[in-house]
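Understanding the architecture of this molecule
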Amino acid sequence: MTVCPTCGLPKELCVCESIAKETQKITVYMEKKKFGKKYTVIEGIDKKEINLNQLAKKLKAKLACGGTAKDNVIELQGDHRSKVKSVLVELGFPADNIEIREGMSRT
Ligand SMILES: [Zn+2]
């Protein structure tokens, strides 16, 4: 059994991550990489509060795409801007805290 280091409850009973989700300010934008590959970048989620690897896994499954979690961002292969917000909301992030940028980069 794993115990949460924040509240001391077993992981099954712990709601720390659910509470933390309410406070994340998420920005989603596109990035073009080598060979014109497009990535949807999800930025602003605190990896100390949210398990990014687990979140990336869920997003990849729901959007049926490849991707990785690294540093403080999640990168998903392809353009998922139209769907990613509803998927994040489904996973417990408030819609008001998710900003989808139109441009290709963070400018
Ligand atoms: Zn906890």
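You'll find the structure just up there.
So, here is what we can say about the structure in this document. Since the model is a prediction, treat every value here as computed from it, not as a measurement. (Residues numbered from 1 in each chain as written. Predicted model: local features only at pLDDT ≥ 70, side-chain atom pairs only at ≥ 80, totals over all residues. Heavy atoms only, no water.)

**A closer look at the overall build of the protein chain**
Counting its regular elements, the protein chain contains three helices and five strands. Taken from N to C terminus, the helices and strands of the protein chain fall in the order α-β-β-α-β-β-α-β. A compact globule built from 107 residues should have a C-alpha radius of gyration of about 13 Å, and the protein chain, at 14 Å, falls within 12% of that. Across its three principal directions, the C-alpha atoms of the protein chain cover 45 × 25 × 20 Å. Across the 107 residues that make up the protein chain, the buried fraction comes to 36%. (Helix = DSSP H or I, 4+ residues; strand = E, 2+ residues; numbered from the N terminus. Rg over C-alpha atoms; globule rule 2.2 N^0.38 Å. Buried < 20%, exposed > 50% of the residue type's maximum accessible area, 1.4 Å probe, protein only.)

**Examining the coordination of the zinc ion**
Bound to the zinc ion on the protein side are Cys4 (SG), Cys7 (SG), Cys14 (SG) and Cys16 (SG), at distances that span 2.3 Å. Around the zinc ion sit four donor atoms, and with donor-metal-donor angles ranging over 106 to 117° the site reads as tetrahedral. Mapped onto the sequence, the residues coordinating the zinc ion show the spacing C-x2-C-x6-C-x1-C. Taking the relative accessible area as the measure of exposure, cysteine 4 reaches 5% and is therefore buried. Here cysteine 7 falls in the partly exposed class, since its relative accessible area comes to 36%. (Donors = N, O, S within 2.8 Å, 3.2 Å for Na, K, Ca; no water. Tetrahedral: all angles 85-135°; square planar, octahedral: opposite > 155°, others 65-115°.)

**Details of the packing of aromatic side chains**
Overall, the coordinates contain zero aromatic pairs when judged by the stated rule. One cation-aromatic arrangement involves lysine 33 over tyrosine 39; the distance from NZ or CZ to the ring centre is 4.9 Å. (Phe/Tyr/Trp six-rings, centres within 6.5 Å; stacked < 30°, edge-to-face > 60°. Lys NZ or Arg CZ within 6 Å of the ring centre and 35° of its normal.)

**Concerning the nonpolar core**
With 20 residues, the main nonpolar core has Ile42, Leu59 and Phe93 as its most contacted residues. Of all the elements, helix 2 (residues 52-63) adds the most residues to this core, at five residues. With near-sequence residues (within four places) excluded, phenylalanine 93 lies in contact with Lys21, Gln24, Ile26, Ile45, Ile50, Leu55, Leu88 and Ile98. (Core = buried A, V, L, I, M, F, W, Y, C linked by side-chain atoms within 4.5 Å. Contact = heavy atoms within 4.5 Å.)

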